[in-house]
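The residues making up each chain are set out below.
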Amino acid sequence: MKQRIELIQGFEMPMLSSCIQMTRDGQYIFVTGAYKPRVRCYDVNELSLKFERCFDNECIQMKILSEDYSKVVFMHSNRYIEFHSQVGNYYTIRTPKQGRACDYRYSSCDLYCVGATNEIYRFNLEQGQYLEPLSSKSTGFNACEFNPEHELFACGSVEGHLECYDPRVRSLVGNIDCAVYANSNSGNSVSLPAVSCIKFKDALNIAVGTSTGQILMFDIRSNKPYFIKDHNYNLPIKRIDFHTLNDDYVLSIDKKICKIWNRHTGKNLTSIEPATPLNDMLNIPGSGLICLTNDSPKIFVYYIPTLGNAPKWCTFLDNITEELEEKPADTEELEEKPADTVYDDYKFLTLKELDTLGLSHLIGSDLLRAYMHGYFMDIRLYNQAKSVAEPFAFAEYRKQKLRAKIDLKREKSRVPLPIVPTVNKELAEKLLHDEGDFIVNKKKKQKAADTKESLTILKDSRFRSLFTNPDMQIDANHVSFKNIAPLVSRLSKQTAVEDESISNENDEDQDEEEQEDDDGNDLIDDMLTSDEDN
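No experiment lies behind these values; they were computed from the predicted model shown.

**Q** Whenever I open this one, the overall build of the chain confuses me. Can you help?
**A** Scanning the chain from terminus to terminus reveals 13 helices and 30 strands. Taking all 534 residues of the chain together, the buried fraction comes to 40%. Contacts in the chain between residues far apart in sequence, at least 24 positions, make up 43% of those at least 6 positions apart.

Below you can see the structure in the form of structure tokens.
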């Protein structure tokens, strides 16, 4: 049975969760979801909800501007962008076209927004007004991000191009066609892959996710990817992140799966495939804790010790992991010890068995627990009902036990028959007849000790393959075998005569066994009658 830990109290949404981010001071986690559209802020030090705010429309993306929760930007599906302070909604603007992604340039206080247009909107938070937008040849963009080291602005177009802009000169400085490499890797030439997400690792390395499920690793000094990772689901990559402790590991998600893999070799460390579609991912910096938002109320939280230790606000996860590692994992011990069951004191009964016991009227009461195709019943109630429904069950059980004991004594007193091999069976029987040791022919004249010496030829290592290897089977239709046909026919006639005599003896033995069975039944009845009289 799976055991889950509620890491943060109320870490969920009424219906589904969409975006998730953590403040730079590592103290607060923002989660957006529905329904009704809302945002919730959780304090990780208190492991509880700090505040909750509702929106008029669904939130597409959010960006935390300050070190803590005091300044946050939310992009909505109705072209509105809301600026929130620590007290609530501070200001709202509207973009000319529907936005899809946004990022913030800290050095100049500019908010860059991309969407269903060829223009990149710039809004200056210091002046409180729009600046002249940047123009592009693409018809629209799906993702954008600033490089935190040299502030190169990269955005992914719907045509599959990665365009890089220098915000100092406000012009295009580089363009990479990612659709060519993604399309050739997937083998799909029907639709043109679009760029779905972007993530910078450092000043030179960038990961580009496509709408066909590929992740292209680029060095910005080259226009060719040095590695391509395919999720093999043909679904858009929704989020890419680089682990802060293990630089070689990349975390990526699409609608179906979350994969953790090596960026040099592409080898998977592990994969997480929940039952509900995934929307966003948060990798807690400097730890092995991962949060996944999805189309269900609960936000999935996974702890992977291979990636790193637990965060300082939930160090008890390391203690739990150590306790699990101390448990014995020997497979032999696990096989000897049966697995614990949940209903040890209950008996599972089908509807037909309930009718046999006359307990169908208990369906719907507290005495029966519905489960799958039947019901669970208390074992004490089941024993009482069975004793009432089958009053002679114990007598039948005792009779079967006595018969088993008598049969066991008979088996011990009988002489065991030799095991004749399946390969060249007729030859083995003829050899045994020739030696005069075949137990069926002489079972009344020989003792059990002579039987052990009757199979010496069959157990001889020199002739073992003749009776064990199927390739050594004698072919009666072969020319060599037909040459000795007269000898074989004489042996067959002799065997037939002996078999006839053996069958007569077997009939006599069968009559004797039937007589013994009748005597055994009479003995059992006498024993039961004497017990009842006593």
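Picking up after the structure, the text goes on.
**Q** So what exactly am I meant to see when it comes to the sheet that holds strand β23 (residues 258-262) here?
**A** Sheet strands line up and pair through hydrogen bonds in the backbone, either parallel or antiparallel. Spatially, the four strands line up as an open sheet ordered β21-β22-β23-β24, and their pairing is antiparallel. A strand with exactly one partner marks an edge of an open sheet, and here the two such strands are β21 (239-242) and β24 (268-272). On average, adjacent strands in this sheet sit at an angle of 15° to one another, irrespective of strand direction. Direction of pairing for strand β22 (residues 249-253) relative to β23: antiparallel, over a ladder of five bridges. Looking at the pairing, I253 lines up with C258 of β23.

**Q** Even after reading the chapter, I still don't get the pattern of salt bridges, so can you show me in this structure?
**A** Close approach of charged atoms allows side chains of opposite charge to pair. Enumeration according to the criterion identifies 13 salt bridges in this entry. One salt bridge in this structure joins E67 and R24, with 3.6 Å as the shortest N-O distance. In this pair, E67 sits in the loop between β5 (59-64) and β6 (72-76) while R24 sits in the loop between β1 (16-22) and β2 (28-34), placing the two residues 43 residues apart along the sequence. Overall, the relative accessible area of 45% leaves E67 in the partly exposed class. Between K201 and D202 there is a salt bridge whose closest N-O contact spans 3.7 Å.

**Q** Whenever I open this one, the nonpolar core confuses me. Can you help?
**A** As a rule of thumb, soluble globular proteins bury nonpolar side chains together. Ranked by internal contacts, the top residues of the largest apolar core, which has 19 residues, are I8, F11, I29, V31, I284 and W313. Elements with a contribution of two residues or more to this core: β1, β2 and β26 (289-294). Excluding anything up to four places from it in sequence, I29 contacts I8, F11, I20, Q21, M22, R40, C41, Y42, V44, L282 and I284.

**Q** Quick question: what am I supposed to make of the state of the cysteines here?
**A** A covalent bond bridging the sulfur atoms of two cysteines is what the word disulfide describes. Counting across every chain of the model gives zero disulfides. Note on C102: no disulfide assigned, nearest cysteine sulfur contributed by C113 at a separation of 5.2 Å. C155 provides the cysteine sulfur closest to C164, a residue in no disulfide bond, and the two sulfurs are 7.6 Å apart.

**Q** Is there a simple way to explain the pairing of β1 in this structure?
**A** Consecutive side chains along a regular strand alternate between the two faces of the sheet. A large share of β1 lies buried, amounting to six of its seven residues. When β1 meets β2, the two strands line up antiparallel, connected through five bridges. Bridge assignment links Q21 to a residue of β2, and that residue is F30. Hairpin geometry of β1 and β2 is characterised by an intervening segment of five residues between the two adjacent antiparallel strands and by a positive phi of about 70° at G26.

**Q** Would you take a moment to explain the sheet that holds strand β8 (residues 88-94) for this structure?
**A** With antiparallel pairing, four strands are arranged side by side in an open sheet as β5-β6-β7-β8. Edge positions in the sheet fall to β5 and β8, since each has one partner strand and no second. For this sheet, the mean angle separating the axes of adjacent strands, direction not counted, is 20°. Where β6 and strand β7 (residues 80-85) come together, four bridges link them in antiparallel fashion. Pairing of M75 across the sheet is with I81, part of β7.

**Q** I would appreciate a short explanation of the environment of I220 in the present structure.
**A** With respect to the secondary-structure elements, I220 resides in the loop between β19 (214-219) and β20 (227-230). C-alpha separation for the pair I220 and N205, spaced 15 residues apart in sequence, amounts to 6.4 Å. Other than its neighbours up to four places away in sequence, I220 contacts H150, F200, A203, L204 and I206.

**Q** Explain the packing of aromatic side chains to me, please; I cannot follow it from the model alone.
**A** Within the structure shown, the criterion is met by 14 aromatic pairs. Ring centres of Y104 and Y106 lie 4.9 Å apart, and the angle between their planes is 90°; on these two criteria the pair is classed as edge-to-face. Among the residues examined, Y106 registers a relative accessible area of 36% and is labelled partly exposed. Ring-pair connections join several aromatic residues into one group, and the members of that group are Y28, F30, F51 and Y69.

**Q** What should I look at first to understand unusual backbone geometry in this one?
**A** Outside of glycine, negative phi angles account for most residues, and trans bonds account for most peptide bonds. In this chain, A34 is followed by Y35 through a cis amide linkage whose omega measures -15°. Note on placement: Y35 falls in the loop between β2 and β3 (38-43). Of note, the phi angle at R79 is positive, near 75°, even though the residue is not glycine. Of note, R79 is situated in the loop between β6 and β7. When its relative accessible area of 29% is taken as the criterion, R79 is described as partly exposed.

**Q** Would you mind showing me how to read the environment of N268 here?
**A** With respect to the helices, strands and loops of the structure, N268 is situated in strand β24. For N268, a relative accessible area of 33% gives the class partly exposed. For the pair N268 and V250, spaced 18 residues apart in sequence, the C-alpha to C-alpha distance is 9.5 Å. Residue contacts for N268: discarding those within four places in its chain leaves K229, K259, I260 and W261. For N268, the side chain forms a polar contact with the side chain of K229, separated by 2.9 Å.

Definitions and cut-offs
Residues numbered from 1 in each chain as written. Predicted model: local features only at pLDDT ≥ 70, side-chain atom pairs only at ≥ 80, totals over all residues. Heavy atoms only, no water. Helix = DSSP H or I, 4+ residues; strand = E, 2+ residues; numbered from the N terminus. Buried < 20%, exposed > 50% of the residue type's maximum accessible area, 1.4 Å probe, protein only. Contact = heavy atoms within 4.5 Å. Pairing = 2+ DSSP bridges. Axes fitted to C-alpha atoms, helices over the stretch in contact; angles between N-to-C directions. Salt bridge = Lys/Arg side-chain N within 4 Å of Asp/Glu carboxyl O. Core = buried A, V, L, I, M, F, W, Y, C linked by side-chain atoms within 4.5 Å. Disulfide = S-S within 2.5 Å. Phe/Tyr/Trp six-rings, centres within 6.5 Å; stacked < 30°, edge-to-face > 60°. Polar contact = N/O pair within 3.5 Å; in protein donor to acceptor, adjacent residues only side chain to side chain.

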